[in-house]
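Report on the structure
These are the residues of each chain, in order.
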Amino acid sequence: GTMAEMLASPVWFAGHAWVCAAFVALLVGLVLYGRAVVVPARTRRWLQIAIVVTALQAIEMAVHAAAYVDLQNLLAGRSTPVLSTHLMMTVIIYPIFGVLMSGFIIVAARERALGALWMAWIGVIGALAHGAAGLLVVGFNSEVARLGFPLIMLVMIWALIAALMPRRARAPMSTQPA
C-alpha cells in the first residue's frame, strides 16, 4: 500500500520491533562470537565490520519501527522527521549492510571460521536482497523490490545454522615460507 496505509497498519510497529530485536540478537551473537573464538585475522577484520553494520542496521530498524509516529504529519502534509530519517537511513544503511555482511559470511566460511561454504549462499542472498530492497524501494520507488525485504530472514537462518554447527578444526598453517 501507500506509505500512509503502511504506517497506519496495526502490525507496523510490532512487526518492525521484532525485526529490530532480531538485528540486536544478531549483533549480540556476533560480539559474543568475537570474544569467545579465536579466528584468523582476515575473519576478525570482517567480523568487526559485520558488528558495526549490524549495529547500524539495528538502529535504523528502531527508527523504522518508530516511523509510525509521523502518520498524522504525513496525512496533513507536514514535516515527517522520524519517517524521513528512516527513509534516508534505509537508502544508505541497507545496501552497506547487505554488501558488507555478505563479505563477512563469505570470508568466515572460506576460512572455516563460521558456517560453511555449502550454506553461505543462504545468508548472502538474504543480505544482498534486503540491502538492494532498501535502495530500490525507497531510492527508485520499485514496487517489485519490496519482495527483497523479508529475505532478511535468510540471514537469520544462516546465523542460526552457523551457530549450531560444530566447530571444525582448522588445518595448521605451515611455518614454511610460501
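Residues numbered from 1 in each chain as written. Predicted model: local features only at pLDDT ≥ 70, side-chain atom pairs only at ≥ 80, totals over all residues. Heavy atoms only, no water.

**Some details on a nonpolar patch on the surface**
A cluster of nonpolar side chains, Phe13, Tyr68 and Val69, forms an exposed patch at the surface whose accessible area comes to about 280 Å². Topologically, Val69 is positioned in the loop between helix H3 (41-66) and helix H4 (71-76). (Patch = residues over 30% accessible without salt bridge, like charges linked within 9 Å, V, L, I, M, F, W, Y side chains within 5 Å. Areas by Shrake-Rupley, 256 points an atom, 1.4 Å probe, with all protein chains shown as cover. Salt bridge = Lys/Arg side-chain N within 4 Å of Asp/Glu carboxyl O. Helix = DSSP H or I, 4+ residues; strand = E, 2+ residues; numbered from the N terminus.)

**Brief notes about the layout of surface pockets**
Of the voids in this model, the largest pocket is the one considered here, and its volume is about 580 Å³. Contributions of two or more residues to the lining of the largest pocket are made by helix H1 (3-8), helix H2 (12-36), H3, helix H5 (81-110) and helix H6 (117-140). The residue inventory of the lining of the largest pocket, partitioned by class, reads 13 nonpolar, 10 polar and 2 charged. (1 Å grid on protein atoms, 1.4 Å probe; cavity = no way out; pocket = protein on both sides within 12 Å on 5 of 7 lines; lining within 4 Å. Points joined across faces, edges and corners; volume = space filled by probe spheres on them. Nonpolar A, V, L, I, M, F, W, Y, C, P; charged D, E, K, R; others polar.)

**Quick word on the pattern of salt bridges**
Taken as a whole and judged by the stated rule, the model has 1 salt bridge. When the shortest N-O distance is used, the salt bridge between Arg146 and Glu143 registers 2.9 Å. Among the residues examined, Arg146 registers a relative accessible area of 25% and is labelled partly exposed. (Buried < 20%, exposed > 50% of the residue type's maximum accessible area, 1.4 Å probe, protein only.)

**Considering the packing of H3 against H5**
A pair of packed helices is captured by two measures, namely the crossing angle of their axes and the spacing between those axes. Packing of H3 against H5 brings their axes to within 8 Å, and their N-to-C directions diverge by 155°. Relative to H5, the element H3 lies roughly antiparallel. The handedness of the crossing between H3 and H5 comes out as left-handed. (Axes fitted to C-alpha atoms, helices over the stretch in contact; angles between N-to-C directions. Parallel < 35°, antiparallel > 145°, perpendicular 65-115°, else oblique. Left-handed = near helix turned anticlockwise from the far one by under 90°.)

**Examining the nonpolar core**
Met101, Phe104 and Trp158 are the most contacted members of the largest nonpolar core, which totals 34 residues. Secondary structure elements with two or more residues in this core: H2, H3, H5, H6 and helix H7 (152-164). Looking at which element gives the most residues to this core, the answer is H5, with 7 residues. Setting aside anything within four residues of it in sequence, one finds Trp158 in contact with Phe104, Ile105, Leu114, Met119, Ala120, Ile122 and Gly123. Of all hydrophobic cores here, the second largest spans 6 residues; its members include Ala4, Leu7, Ala67 and Leu83. (Core = buried A, V, L, I, M, F, W, Y, C linked by side-chain atoms within 4.5 Å. Contact = heavy atoms within 4.5 Å.)

**Thoughts on the side chain of Gln57**
Among the structural elements, Gln57 can be located in helix H3. What makes Gln57 buried here is its relative accessible area of 0%. Discounting residues that sit within four places of it in the chain, Gln57 has contacts with Phe23, Ile93, Tyr94, Phe97 and His130.

**As for the packing of aromatic side chains**
By the definition in use, this model includes 4 aromatic pairs. Between the aromatic rings of Phe23 and Phe97, the centroid separation amounts to 5.6 Å while the plane-to-plane angle is 90°, which identifies the pairing as edge-to-face. Of the two residues, Phe23 is situated in helix H2 and Phe97 in helix H5; the sequence distance between them amounts to 74 residues. For Phe23, a relative accessible area of 0% corresponds to the buried category. (Phe/Tyr/Trp six-rings, centres within 6.5 Å; stacked < 30°, edge-to-face > 60°.)

**Topic: the side chain of His64**
Looking at the secondary structure, you find His64 in helix H3. Contact partners of His64, with chain neighbours within four places excluded, come to Trp12, His16, His86 and Tyr94.

**Things to note about H6**
Quick reminder: α-helices carry 3.6 residues per turn. Residues three or four places apart thus point the same way. Between its terminal C-alpha atoms H6 stretches 33 Å, which fits the 34 Å expected from 24 residues at 1.5 Å a residue. Of the residues one or two after H6, Asn141 is the one with positive phi, at around 55°. (Expected span 1.5 Å × (residues − 1).)

**Regarding the packing of H5 against H6**
As a packed pair, H5 and H6 sit with axes 8 Å apart at the nearest point and diverge in direction by 165°. One finds that H5 runs roughly antiparallel with respect to H6. Helix-helix and strand crossings are classified by hand; for H5 and H6 the assignment is left-handed. Considering only residue class, the contact of H5 with H6 consists of 16 nonpolar, 8 polar and 1 charged.

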